[in-house]
Structure formats: structure tokens, C-alpha cells
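Residues per chain, in single letters:
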Amino acid sequence: MLIHSVIRVCFYRRVNIESQSFFLSINGPIWLVKWISMADFLQIHPINPERRLIKQVVDVLLKGGVIIYPTDSTYALGCHIGDKLALERIRRIRQLDARHNFTLVCSDLSSLAIYARVHNSAYRILKAYTPGPYTFILKATSQVPKRLMHPKRKTIGLRVPDNSITQSILSSFGEPVMSTSLILPDEDEQLFDAYEMRTKIGKMVDLIIDGGTCGLEPTTMIDLVEGVPEVMRIGKGDPEPFQ
């Protein structure tokens, strides 16, 4: 879907297809015509995700796009781990500062070990509670871009969701997705309806996946930096085993 806006310009004439804008002269005045793209919208089966649709999601990620996708807790914003511009777009959408702990969403524990330093005791916890609605805070390895780490603690959030769509994306993509929960500034609750997302931020992202209704609770966050679990946030995952 394309929406156009027209702004009067006095001195220049330009054609620029890549940015989807151009200057147009109609009987004298010169006008800047700019096309604003709405996000693509995909409805994917929550239990048996269609391969052709998953491929479209992966193509968007590889091209540096920002996606909204379902998880086993809430809907989330995601992008390629190495794409700085996509990360900055997510920061602007959420209005996040440098202290925010971003999360790497991984397909399994083999991916976790690449990006985090894991004590033996922490590994046993991870093995017992993944996949599931938990985010684990761990010391990041050198494989994690510094812009994703907590600036002082050098930590990263890592998780393995129990969601068929997410797992299909990760399997096809072949690497983790940089992620954060979809909660907008000045709002207390997560967005959970894909059509509402399209209305509110459809011009700020590249792809919205409608994978059915997600919950309103974020993940339960567990700090495992020292090997001993510390509950940082109570969410959908049961915190009792870590208390």
C-alpha cells in the first residue's frame, strides 16, 4: 500500500527512484512528491508455518529490514544482528537508551554458546528451561557487536522461544535475530493485535507477521552472569525455580 504526500519546493528538480521520491513540475511550481511505504503484512499459520512465507521474512531480514513477529510471550521487533541501521530504527520506535539490554533470539543452545559465556551451572539451567518464555542475561562473547551489549556490564540477553513461527524463521535464517519486546513509548501494555500494529507503526517497520494472538506478559528475565540465578523481571515464565 502506498500513500503519497506533496510538499511545495521552489528551486530544485530531482528524480530519485531509490528513495521513492521525485520533484514534479505542473504548469510552473515544482513539487516534491514522496511515496511512503506501509509495511508488508503476512498471515502465517501459527502451528505449521508456510515455507514460502518464512522465506519472505528471511529475505526482509537479509536486506536490513525491521520485522514484527510473534513469540511464546509477546510480539517482538527484530532485525539482523549485524545491521546497525536497523538497530537504530528499533531504538527510535521504542525510544530506547544505551542502557537497554537487547536480546538475541536463538534456535537452540548451540547458538547460545557462540554469543555468551556460560558457566556449567548456568548451562544446566538453560538446558532445563529452554525453549520457553525466559530471557537469560549472560556475559557476551566477542561475537556480539558492542552496540548490542549493556555498556557497563558487557552483557546480552539470550533466549530460545517455544514458538513454531519463530523457530522456522531462525532455522531458515541460520543465525540469531536481534530482538526486543514490542511495547511503544508511553504505553503500559504490549501490542498484541497485528492489525493494530499496522495502524500504529506500519510506516516504521518493513514487515508485520500475523501469527495469531500472543500474550501480554513479557518473558521472565533471569540474570546468570555469576552462575547463580537472580530474577530481574517476573513475566510469563514461572520464576519460582530461580528464587
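Just so we're clear, the structure is a prediction, and the values are computed from it rather than from any experiment.

Colleague: Would you mind showing me how to read a positive patch on the surface here?
Modeller: Judged by side-chain charge, R117, K139, K146 and K154 come together as a positively charged surface patch. Mapped onto the secondary structure, K139 falls in strand 10 (residues 134–140).

Colleague: In this structure, what is going on with the pairing of strand 12 (residues 177–181)? I would like to understand it.
Modeller: Along any regular strand the residues' side chains alternate between the sheet's two faces. Taking burial as the measure, the five residues of strand 12 include four buried ones, the bulk of the element. As paired elements, strand 7 (residues 75–80) and strand 12 share five bridges and run antiparallel to each other. Looking at the pairing, A76 lines up with S181 of strand 12. Strand direction decides the pairing type here: strand 8 (residues 103–105) and strand 12, joined by three bridges, are antiparallel. In the strand pairing of strand 12, V105 is matched with V177.

Colleague: How should the nonpolar core be read in this particular structure?
Modeller: As a rule of thumb, soluble globular proteins bury nonpolar side chains together. Core analysis: the largest hydrophobic core is formed by 46 residues, its most contacted members being I68, L104, L158 and L182. Beyond its immediate chain neighbours, meaning those up to four positions away, L104 contacts I81, Y115, V144, L148, I156, G157, L158, R159, P176, V177 and M178.

Colleague: What exactly am I supposed to notice about the layout of surface pockets here?
Modeller: Left-over empty space is what a probe sized like a water molecule reveals as it rolls over the atoms. Here the largest pocket is characterised by a volume of approximately 360 Å³. Every residue lining the largest pocket is counted, 14 residues in all, and those nearest its centre are S37, R89, K203, V205 and D206. Sort the elements by how many residues they give to the lining of the largest pocket and helix 2 (residues 84–94) lands first, with three residues. Partitioned by chemical class, the residues of the lining of the largest pocket number six nonpolar, two polar and six charged. Size it by volume and the second largest pocket reaches roughly 260 Å³. Elements that contribute at least two residues to the lining of the second largest pocket include exactly strand 7, strand 8 and strand 12. It is strand 12 that contributes the most residues to the lining of the second largest pocket, three residues altogether.

Colleague: Explain empty space enclosed by the protein here, please?
Modeller: For the structure shown, the criterion picks out one cavity of 30 Å³ or more. The calculated volume of the largest cavity comes to roughly 30 Å³. Taken together, I67, Y69, T166, I169, L170 and V177 make up the full set of residues lining the largest cavity. Of all the elements in the fold, those that place two or more residues in the lining of the largest cavity are strand 6 (67–70) and helix 5 (164–173). Here the residues of the lining of the largest cavity are counted per class, giving five nonpolar, one polar and no charged.

Colleague: Would you mind going over the environment of F242 with me for this structure?
Modeller: Note that F242 resides in the segment after strand 15 (230–233). With 20 residues separating them along the chain, F242 and I222 place their C-alpha atoms 7.8 Å apart. With near-sequence residues (within four places) excluded, F242 lies in contact with I125, Y129, Y134, F136, I222, P229 and V231.

Rules used in this analysis
Residues numbered from 1 in each chain as written. Predicted model: local features only at pLDDT ≥ 70, side-chain atom pairs only at ≥ 80, totals over all residues. Heavy atoms only, no water. Patch = residues over 30% accessible without salt bridge, like charges linked within 9 Å, V, L, I, M, F, W, Y side chains within 5 Å. Areas by Shrake-Rupley, 256 points an atom, 1.4 Å probe, with all protein chains shown as cover. Salt bridge = Lys/Arg side-chain N within 4 Å of Asp/Glu carboxyl O. Lys, Arg positive; Asp, Glu negative; His and termini not counted. Charge placed at Lys NZ, Arg CZ, Asp CG, Glu CD. Helix = DSSP H or I, 4+ residues; strand = E, 2+ residues; numbered from the N terminus. Buried < 20%, exposed > 50% of the residue type's maximum accessible area, 1.4 Å probe, protein only. Pairing = 2+ DSSP bridges. Core = buried A, V, L, I, M, F, W, Y, C linked by side-chain atoms within 4.5 Å. Contact = heavy atoms within 4.5 Å. 1 Å grid on protein atoms, 1.4 Å probe; cavity = no way out; pocket = protein on both sides within 12 Å on 5 of 7 lines; lining within 4 Å. Points joined across faces, edges and corners; volume = space filled by probe spheres on them. Nonpolar A, V, L, I, M, F, W, Y, C, P; charged D, E, K, R; others polar.

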